[in-house]
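# A look at the structure
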Amino acid sequence: MEQTLVILKPSAVERRLLGRIIDRIENRGLIICGMKMMQLDEKILREHYAHLVDRPFFPSIVKSMTASPVIVMCLKGVDVVNVFRTMTGATNGRNAAPGTLRGDFCMSGQENIVHASDSVENAKVEINRFFKPEEIFDYNPSNLNFFYGSDELK
């Protein structure tokens, strides 16, 4: 099964949306195999958002992402990168479809409550950025066969 990185941003933490977001993750059948709270700093944000460092809005990203601690999670599931990005919705909450996390919980492009890895390759890099190997647990819940058909679990 694939893994992906999720960050519940300060806009989710401050608005106390954590339980509602985690509930939707678990109800969908995705497995949380790593989770912790941490305070991000400019150094890790420069690495994580390296493609945006030279953009004029990067300082506002740093300000937003350091406003409070975040929750970082490693999720596991079949096609989890695509599944969770679909659950997340468009980057700008005003354009996100109802039923998605951003469509239901935000109105902003910057204060958009959640980060989701955009590819399997980037997920691996991002998971290694935020987690030590011993912080990721490879287990399967006992009810997994009620979320997937037996031929889907390889």
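Structure: above.
Overview of the structure. Keep in mind that this is a model prediction, so the values were computed, not measured. (Residues numbered from 1 in each chain as written. Predicted model: local features only at pLDDT ≥ 70, side-chain atom pairs only at ≥ 80, totals over all residues. Heavy atoms only, no water.)

This next bit is on the overall build of the chain. Secondary structure summary: the chain contains seven helices and four strands in total. The secondary structure elements of the chain, listed N-terminal to C-terminal, are β-α-α-β-α-α-β-α-α-β-α. Taken against the 2.2 N^0.38 rule, which gives 15 Å for 154 residues, the C-alpha radius of gyration of the chain at 15 Å falls within 12% of a compact globule. Expressed along its principal axes, the backbone C-alpha trace of the chain runs to roughly 50 × 35 × 25 Å. In the chain, buried positions account for 46% of the 154 residues. Of all intrachain contacts in the chain linking residues separated by at least 6 positions in sequence, the fraction that spans at least 24 positions is 75%. Distance between charge centres in the chain, computed from 19 positive and 19 negative side chains, equals 6 Å. (Helix = DSSP H or I, 4+ residues; strand = E, 2+ residues; numbered from the N terminus. Rg over C-alpha atoms; globule rule 2.2 N^0.38 Å. Buried < 20%, exposed > 50% of the residue type's maximum accessible area, 1.4 Å probe, protein only. Contact = heavy atoms within 4.5 Å. Lys, Arg positive; Asp, Glu negative; His and termini not counted. Charge placed at Lys NZ, Arg CZ, Asp CG, Glu CD.)

Strand order in the open sheet formed by four strands is β2-β3-β1-β4, and the pairing between neighbours is antiparallel. The sheet terminates laterally at β2 (31-38) and β4 (114-116), the two strands that pair on one side only. Between one strand axis and the next, the sheet turns through 20° on average, direction left out of account. Where strand β1 (residues 2-8) and strand β3 (residues 70-77) come together, seven bridges link them in antiparallel fashion. Pairing of Ile7 across the sheet is with Val72, part of β3. (Pairing = 2+ DSSP bridges. Axes fitted to C-alpha atoms, helices over the stretch in contact; angles between N-to-C directions.)

Once that is clear, we can look at the environment of Tyr49. Among the secondary structure elements, Tyr49 is positioned in the loop between α3 (42-48) and α4 (58-65). A relative accessible area of 9% means that Tyr49 is categorised as buried. Sequence separation between Tyr49 and Val6 is 43 residues, and the spatial gap between their C-alpha atoms is 14 Å. Discounting residues that sit within four places of it in the chain, Tyr49 has contacts with Lys9, Phe58, Ile61, Met65 and His115.

The element β3 is extensively covered by neighbouring structure, given that eight of its eight residues are classed as buried. Both faces of β3 are covered, namely the face carrying Val70, Val72, Cys74 and Lys76 and the face carrying Ile71, Met73, Leu75 and Gly77.

Glancing now at helix α5 (residues 80-88). Considered for burial, the residues of α5 that qualify are Val80, Val81, Val83, Phe84, Met87 and Thr88. An end-on view of α5 places all buried positions within 165° of arc, on one side of the element. Opposite its buried face, α5 presents the exposed residues Asn82 and Thr86, each directed more than 90 degrees away. Phi turns positive, to about 90°, at Gly89, one or two residues after α5. (Arc of directions from axis to C-beta.)

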